[in-house]
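Chains, contacts and geometry: an overview
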Amino acid sequence: MAPKVVLITGCSSGIGLATAVCLAKEKQHEFKVYATMRNLGSMSRLEVAARNALDKTLFIRKLDVTKEDTISSVVDEILRENGRIDVLINNAGYSGVDGNDEWPIERCQAMMDTNYWGVVRTTRAVLPAMKKQKSGRILNVTSVAGIIGTPFYATYASSKFAVEGFTESIAPVLRDAYNIRMSIIQPGPVRTELMVKIRADPEGDAKDFDSVTRDMYLARRKQLRPLMDQVEQTAEDIAKLHLEVILSENPHLRYQTSEATTQFVAAKLKDPTTDALLNVLKQ
């Protein structure tokens, strides 16, 4: 049986890197992984992690989810070489602390362009092939912040909410008409370079906040640190879940990546008013 052909975005580090390596080195099931990133100057860590899989079951390509020509170039290459695309993992994205109204609109739009419109672009690029072959899996990596609005991350949460709404809306049509299965992956805190950067300089993150918002933000960071340390996962944990979802015969629409994140999401969904979210800063 031919290996499943996988396209992953955002593979220079973190979850994307771990997932690419996990699938490329999988022994029981064969995968041919196209691991992409915006800047090929950042591929050294992936090359080291891939080792013997490099250019055998793992192929590194340049793809910027904000530029349609780079997306179509990689998709066209994959189809020329393999005739199909079995799995798309939309992982590329970034975060940032956003008080309430401090970010310029242009900065907010740039984050949405990567985190949301990037998902839309890559999904649209693979759908013609998946529709033709009447099969496919699309995994969209969001966050617990994609279903529970996180204070001080307004733009990031909005971008992830948008991906969840997009996925939830088109998933039934793609499943019933074309046998294409979509799943949302909702990690909580993950031990990645991105998380290290977010934690490194809380004072710097809040430098443009007004004094009231800055004090609230710093107090919240201090309050949450022990909990974050307790529930934090590794990128490899998320990669293993991605493998399970891909191999599942009947995948769910949503997956939380830990028991803690499942509890957070369940607490919101059982209350139609979601009034508890208004008291999150008082907990």
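So, here's what we can say about the structure. Computed from a predicted structure; not experimentally measured.

**A closer look at the state of the cysteines**
Per the counting criterion, the structure on display carries 0 disulfides. Its sulfur unpaired, Cys22 is 12 Å from the next cysteine sulfur, which belongs to Cys11.

**Here we look at the sheet that holds strand β2 (residues 31–37)**
Here we have 7 strands laid out as an open sheet, ordered β3-β2-β1-β4-β5-β6-β9, and parallel in their pairing. Looking along the sheet, the strands with just one partner apiece sit at the ends: β3 (58–62) and β9 (254–256). Averaged over all neighbouring strand pairs, the angle between strand axes comes to 20°, with direction disregarded. Relative to strand β4 (residues 87–90), helix α5 (residues 117–133) is tilted by about 175°, and along the sheet it contacts β1 (4–8), β4, β5 (136–141) and β6 (180–186).

**Focus on helix α4 (residues 105–115)**
Residues of α4 that are buried: Cys108, Met111, Thr114 and Asn115. Down the axis of α4, the smallest arc covering the buried residues is 130°, so these residues share one side. More than 90 degrees from the buried face of α4, the exposed residues found are Ile105, Glu106 and Gln109.

**Considerations on the pairing of β2**
For β2, the buried fraction is high: 7 of the 7 residues fall into the buried class. Side chains Phe31, Val33, Ala35 and Met37 of β2 all project onto a buried face; the interleaved residues Lys32, Tyr34 and Thr36 project onto the opposite face, where all are buried too. Two strands pair when backbone bridges link them, and β1 and β2 are joined in this way by 5 bridges, in the parallel orientation. Of the residues in β2, the one forming a bridge with Val5 is Lys32. Handedness of the crossover joining β1 and β2 through helix α1 (residues 14–24): right-handed. Judged from the 5 bridges that link them, β2 and β3 form a sheet pairing that is parallel. Its bridge partner being in β3, Thr36 is matched across the sheet by Arg61.

Reading the values: rules and limits
- Residues numbered from 1 in each chain as written.
- Predicted model: local features only at pLDDT ≥ 70, side-chain atom pairs only at ≥ 80, totals over all residues.
- Heavy atoms only, no water.
- Disulfide = S-S within 2.5 Å.
- Pairing = 2+ DSSP bridges.
- Helix = DSSP H or I, 4+ residues; strand = E, 2+ residues; numbered from the N terminus.
- Axes fitted to C-alpha atoms, helices over the stretch in contact; angles between N-to-C directions.
- Contact = heavy atoms within 4.5 Å.
- Buried < 20%, exposed > 50% of the residue type's maximum accessible area, 1.4 Å probe, protein only.
- Arc of directions from axis to C-beta.
- Right-handed = clockwise from strand over helix to strand, strands pointing away.

The quantities given are spatial measurements derived from coordinates; they are silent on function.
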